[in-house]
Amino acid sequence: MAQLLQIHEPGETPLPHEGDRGAAIGIDLGTTNSLAALSLDQKPEALRDVHGRALVPSVVAYSPDGPVVGADARRMLLDQPELVVSSVKRLMGRGAADIKALAGALPYEVAPSADGGMVRIRVGGRVLSPVEISADILRAVRARAEDALGQSVDRAVITVPAYFDDAARTATRDAARLAGLEVLRLVNEPTAAALAYGLDKHSEGLYAIYDLGGGTFDFSLLRLEKGVFQVLATGGDAALGGDDFDHAVAARLLAERAAQIAGATVDTSRVKLALATARLAKECLSSQDEWIGMLDLDDRPSRHHLARAEVETMIAPLVARTIEICRQVLEDAAVAPQDVQGVVLVGGSTRVPLVRRQVAAFFGREPLSDIDPDEVVALGAALQAEALTRGSDTLLLDVTPLSLGIETMGGLVEKLIDRNTPIPVAKAQEFTTYQDGQTAMLIHVVQGEREMVDQCRSLGRFELHGIPPMVAGAARIRVSFAVDADGLLTVSAAEKTTGTAARVEIRPSYGLSEDEMATMLADSIANAKADMERRLLVEARVEATRTAKAVQAALAADGELLDAAERAGLERAIAAVEQAAAGGDRAAIVAAAEALELESKPFAERRMDRGIRTALAGKRVDAVLPTGE
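Throughout what follows, the structure given in this document is the object of discussion.

### Focus on the overall build of the chain
- Scanning the chain from terminus to terminus reveals 14 helices and 28 strands.
- Taking contacts inside the chain between residues at least 6 apart in sequence as the whole, the part at least 24 apart equals 68%.
- Of the accessible surface of the chain, which amounts to about 29300 Å², a share of 52% is contributed by carbon and sulfur atoms.

In structure tokens form, the structure reads like this:
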């Protein structure tokens, strides 16, 4: 007899065809690093590679053979900075005028945009949008997840800064589509962090999320109660983060370099290297009191010394801006700092000691950071992915971070949805014509808190036609705004007398057109196999070249440990690697690299022996060996 009914416990009912789908993961698409996590039974874990690394650096190098993502791309920054793009998240949904300049040069070569749309970047002989570059990062994160899980991944909850506007959210969704991912939900990063932290600690009450990443700052106040995560208020700055700390330090390094070296110049590639050096200095000064290093540009190194106190003076105004945003959000929610039960730190930039001291001083308590601030957002996203696919007792109630409205006469903004309104939400308001016989109306949708249109961000325009000719003020046009759970906006307008209506899903002027998206998707599908083969080839080539360079450096340092025949053997193996890497046979490249590693093993052992002897020279055995109880 056929089974007619299948009964499941609450929250365990499978979705239709669930078994045919790939895993649903959480992804933190970050400015500096990105990562994925998976949650099973409300126990999220970051997905790691074979070396135990969860973080994928959000860096892409566009070599002639194709994109290289992650740590390999970051290494290429030192030798081929003109091929490398980093911190692209800051450009999502932005125009060329939004990009911050450093020392008179941009860290990107911007390609002209005829229509004033989203900025394009010229890199490695290609012109790419931030959406395409972000898609390459997401493909690498997806590949990391698939390798870790041993199965396909095609669905994800992706986090975005709470203060990302509609343009940036749309761009993020577009990037996921290009990477072959279905976006189950866009979740604000502070909300995801609260979800991970709250479930881990079973906390209830008022909690603040201080999220300072590489490119953005968000601050959210949440009430956690019986599995409900309600965002009370949020604030932030989509152009304030650890990158700005790096900019301040890099500007100092470049100024010192100009004083040391006559004729020192600054361009895109030099700015990238200065920023990389500044980031290294900043990270060192998070645990040390001073940093001494070199800025090596054009084989003309300059020497620099920085004390932690000096860097803290440089970045103090930036940290103060974050504290002022915290103060404003608490005032919006009518909450005093002492009413907050805990402050959760999120984002790698919260490791900066000055940040932690200022947060502790403002709230009068030490912040909470016992979950890795680099991983907590992805863990929360994974929990939400599990909730959306397998059910959960947890409910997220988020808010829209910026007000939404339309342009009215005189360039004024009429707000229909105020910031910090819980989403999803729908609101409507009636408007009328201002000229006799007017038969059409232009609806200009804007986002922001200012009162004038030119002070807010334009999201899009559409026209309502077919309004019956009447005297000015007689027509009744109802404009409706609907914001979904992802924070994305749909606007409709209808003339109530005739029922004439127009509706548009707002695609910001900085977004990609449907034709562009369709072309990119078609290209990615048509070239999927070739792209994967090319990626494997590039990865093998990068790894082999890295091995060859490492052995060459070792020969330069300790070549006297080898006799002539041994050295000649190593040099032949290096030459074989270089010859194979210049070709297109991946198997030959891997074989040559393995042969070089085997050939260099005795040399490596001798170098290690020498290092140990040097370290022990002049020391007594009992001073080196551990003593017993």
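That covers the picture; the talk isn't over yet.
### With respect to the packing of aromatic side chains
- Summed over all chains, the structure comprises three aromatic pairs.
- Arranged with centres 4.8 Å apart and planes meeting at 90°, the rings of Phe362 and Phe363 form a pair that is edge-to-face.
- Sitting above the plane of the Phe603 ring, Arg607 keeps its charged end 5.9 Å from the centroid.

### A word on the pairing of strand β6 (residues 66-69)
- Pairing between strand β5 (residues 59-63) and β6: four bridges, direction antiparallel. Of the residues in β6, the one forming a bridge with Tyr62 is Pro67.

### Section: helix α9 (residues 376-390)
- Look at α9: 21 Å from first C-alpha to last across 15 residues, which is about the 21 Å you get at 1.5 Å a residue.
- At the exit of α9 stands Gly391, carrying a positive phi of roughly 95°.

### Observations concerning the side chain of Thr277
- By secondary structure assignment, the location of Thr277 is in helix α6 (residues 268-285).
- Look past the residues within four positions of Thr277 in its chain and what remains in contact with it is Leu253, Trp291, Met294 and Leu295.

### Focus on the pattern of salt bridges
- Scanning all chains against the criterion turns up 28 salt bridges.
- In this structure, Arg177 engages Asp174 in a salt bridge whose closest nitrogen and oxygen atoms are separated by 3.7 Å. Taken as a pair, Arg177 and Asp174 lie in helix α3 (residues 166-178) at a separation of three residues, close to a single helical turn.
- Accessibility expressed as a relative area gives 30% for Arg177, which makes it partly exposed.
- One salt bridge connects Arg476 with Glu430, and the closest N-O pair in it is separated by 3.3 Å. Placement of the pair is Arg476 in the loop between β25 (457-465) and β26 (477-483) and Glu430 in strand β23 (residues 425-431), with a sequence separation of 46 residues.
- Where salt bridges share partners, they join Asp243, Asp246, Arg279 and Lys282 into one cluster.

### Regarding the sheet that holds β6
- Overall, antiparallel pairing links the three strands, which are arranged β6-β5-β7 in an open sheet. Either end of the sheet is taken by a strand with one partner, and the two such strands are β6 and β7 (84-86). Strand-to-strand twist in this sheet, taken as the mean axis angle between neighbours without regard to direction, amounts to 25°.
- In this sheet, β7 lies alongside β5 in antiparallel orientation, the contact comprising three bridges. Bridge assignment links Val59 to a residue of β7, and that residue is Ser86.
- Contacts from helix α1 (residues 71-79) reach β5, β6 and β7 within the one sheet, and its direction differs from that of β5 by about 70°.
- Across the sheet, helix α2 (residues 130-149) lies against β5, β6 and β7, angled at about 105° from β5, the strand it touches most.

### Some points on helix α12 (residues 564-581)
- Taking 1.5 Å per residue as the helical rise, α12 with its 18 residues ought to reach 26 Å, and the 26 Å between its terminal C-alpha atoms agrees with that figure.
- Turning to α12, its buried residues are Gly569, Leu570, Ala573, Ile574, Val577, Ala580 and Ala581. The buried side chains of α12 occupy one side of the element, clustering within an arc of 135° when seen end-on. Projecting away from the buried face of α12 at angles above 90 degrees are the exposed residues Ala564, Ala565, Arg572 and Gln579.
- A distance of 3.2 Å separates the backbone nitrogen of Ala565 from a side-chain oxygen at the start of α12, and that oxygen is part of Asp563.

### Concerning the nonpolar core
- Counting 45 residues, the largest nonpolar core has Tyr210, Phe219, Leu306 and Phe363 as its most contacted members.
- Of all elements in the fold, only β13 (205-212), β14 (217-225), α5 (242-260), α6, β16 (290-297), α7 (308-332), β18 (342-346) and α8 (353-363) reach the threshold of two or more residues within this core.
- Residues lining this core come from more than one domain, with at least three contributed by each of domain 1 (18-241 + 317-397) and domain 2 (242-316).
- When sequence neighbours within four positions are dropped, the list of residues in contact with Leu306 reads Val249, Arg252, Leu253, Ala281, Leu285, Asp289, Glu290, Trp291, Val311 and Met314.
- Of all hydrophobic cores here, the second largest spans 41 residues; its members include Ile25, Ile121, Ala171 and Val183.

### Observations concerning the packing of α5 against α7
- As a packed pair, α5 and α7 sit with axes 10 Å apart at the nearest point and diverge in direction by 140°. As summarised for this structure, α5 and α7 are arranged oblique, according to the angle between their axes. Every pair of crossing elements has a handedness; the one defined by α5 and α7 is right-handed. Contact residues: α5 offers Asp244, Phe245, Ala248, Val249 and Arg252, while α7 offers Glu310, Val311, Met314, Ile315, Leu318 and Val319.
- Residue classes in the contact of α5 with α7 are distributed as eight nonpolar, no polar and three charged.

### Some details on the side chain of Glu386
- If you trace the backbone, Glu386 turns up in helix α9.
- Notably, Glu386 is buried but unbridged: the nearest opposite-charge side chain belongs to Arg390, and the N-O separation is 5.9 Å.
- Once residues within four sequence positions are removed from consideration, Glu386 is found in contact with Ser39, Leu40, Asp41, Gln42 and Gly391.

### Overview of the sheet that holds strand β10 (residues 126-128)
- A sheet is described by the order of its strands in space; here three strands give the open sequence β8-β9-β10, paired in antiparallel fashion. What marks the edges here is a single partner per strand, and that holds for β8 (109-111) and β10. The average undirected angle you get between the axes of adjacent strands in this sheet is 40°.

Parameters at a glance
- Residues numbered from 1 in each chain as written.
- Predicted model: local features only at pLDDT ≥ 70, side-chain atom pairs only at ≥ 80, totals over all residues.
- Heavy atoms only, no water.
- Helix = DSSP H or I, 4+ residues; strand = E, 2+ residues; numbered from the N terminus.
- Contact = heavy atoms within 4.5 Å.
- Areas by Shrake-Rupley, 256 points an atom, 1.4 Å probe, with all protein chains shown as cover.
- Phe/Tyr/Trp six-rings, centres within 6.5 Å; stacked < 30°, edge-to-face > 60°.
- Lys NZ or Arg CZ within 6 Å of the ring centre and 35° of its normal.
- Pairing = 2+ DSSP bridges.
- Expected span 1.5 Å × (residues − 1).
- Salt bridge = Lys/Arg side-chain N within 4 Å of Asp/Glu carboxyl O.
- Buried < 20%, exposed > 50% of the residue type's maximum accessible area, 1.4 Å probe, protein only.
- Axes fitted to C-alpha atoms, helices over the stretch in contact; angles between N-to-C directions.
- Arc of directions from axis to C-beta.
- Polar contact = N/O pair within 3.5 Å; in protein donor to acceptor, adjacent residues only side chain to side chain.
- Core = buried A, V, L, I, M, F, W, Y, C linked by side-chain atoms within 4.5 Å.
- Domains from an automatic or database assignment.
- Parallel < 35°, antiparallel > 145°, perpendicular 65-115°, else oblique.
- Left-handed = near helix turned anticlockwise from the far one by under 90°.
- Nonpolar A, V, L, I, M, F, W, Y, C, P; charged D, E, K, R; others polar.
- Lys, Arg positive; Asp, Glu negative; His and termini not counted.

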